[in-house]
Amino acid sequence: FRDRRFRIALSLGINREEINDILYFGKCIPRQATVNRACSYFEPEFETSYAEFDPDRANLILDEIGLVRKGAGGWRYFPSGRQIVLSPVVIEGGFRPEMTELVADYWADLGILLSWRVVDNELVYTKLMGNQLDLAIYPGDTATDVGIAMGTPLQMRCWGGAWEDWLRSDGAKGEEPPDDIKELWSTWQALKQTGDDEERIRLGKKIVRSQAENLYGIGAV
């Protein structure tokens, strides 16, 4: 998951148009997990970043990483010989289980096996706080000016909980993050503190661009 190329490949393997047509009667917008169009930090390229359905490119990326396909099923394996299995937890409602079923099919075509289950929201939160999740299928609602400023930058608790603990405790807890995550945190702190609207928008776009380029979370519709 720390290899950005892996996250990009997973995103390119999702057929968002089909998800929209099957589950939402074509009423939603296939898009990446960034901000909505009413947000001051919105740019069109953020919404479409790695959001096209391109399984051929996704497979090439996974090959490049060194995740080899074996056997009649074509599942992918680490160079050590261990099969890659992702184990998402899914919150009931919002067509999330149905969407996960579709994504499991898309990623199976890439050789990535999903072993997923629907669980209670409270259990997801408990595991999230304990940094015990492979992947959570979760509402991505940090999509507005207020949403970006509140909570943590880009829902960091969902994808970098141990890093957030380190940043909040000045290194007393958790795990020290890489420099780009420290910079993201500093940018978020500056956004919350500035009284200059133009500067706030500049900082907000810098934060959202980081998500669009790095895909800390992967969006669907």
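Here is a short report on the structure shown in this document.

About the cut-offs
- Residues numbered from 1 in each chain as written.
- Predicted model: local features only at pLDDT ≥ 70, side-chain atom pairs only at ≥ 80, totals over all residues.
- Heavy atoms only, no water.
- Pairing = 2+ DSSP bridges.
- Helix = DSSP H or I, 4+ residues; strand = E, 2+ residues; numbered from the N terminus.
- Axes fitted to C-alpha atoms, helices over the stretch in contact; angles between N-to-C directions.
- Contact = heavy atoms within 4.5 Å.
- Patch = residues over 30% accessible without salt bridge, like charges linked within 9 Å, V, L, I, M, F, W, Y side chains within 5 Å.
- Areas by Shrake-Rupley, 256 points an atom, 1.4 Å probe, with all protein chains shown as cover.
- Salt bridge = Lys/Arg side-chain N within 4 Å of Asp/Glu carboxyl O.
- Lys, Arg positive; Asp, Glu negative; His and termini not counted.
- Charge placed at Lys NZ, Arg CZ, Asp CG, Glu CD.
- Expected span 1.5 Å × (residues − 1).

## Quick look at the sheet that holds strand β7 (residues 135–137)
Overall, parallel pairing links the three strands, which are arranged β6-β4-β7 in an open sheet. Where the open sheet ends on each side, the last strands, each with one partner, are β6 (117–119) and β7. Each strand axis lies, on average, 35° off the axis of its neighbour in the sheet, ignoring direction. Two strands pair when backbone bridges link them, and strand β4 (residues 88–91) and β7 are joined in this way by three bridges, in the parallel orientation. Considered in β7, the bridge of V89 is made with A136. Strand contacts of helix α5 (residues 96–108): β4, β6 and β7, with the helix running at about 150° to β4, the strand carrying the most contacts. Across the sheet, helix α6 (residues 121–129) touches β4 and β6, and the angle it forms with β6 is around 100°.

## Regarding a negative patch on the surface
A surface patch of like charges, here negative, comprises E17, E18, D21, E92, E98, E101, D105 and D109. Going through the elements one at a time, α2 (16–24) and α5 are the ones with two or more residues in the negative patch. Residue placement: D109 occurs in the loop between α5 and β5 (113–114).

## Here we look at helix α10 (residues 179–193)
With 15 residues, α10 should reach 21 Å at 1.5 Å per residue; the first-to-last C-alpha distance of 21 Å fits that figure. Lining the buried residues of α10 we find α7 (145–149), α8 (156–159), α9 (161–168) and α11 (197–214).

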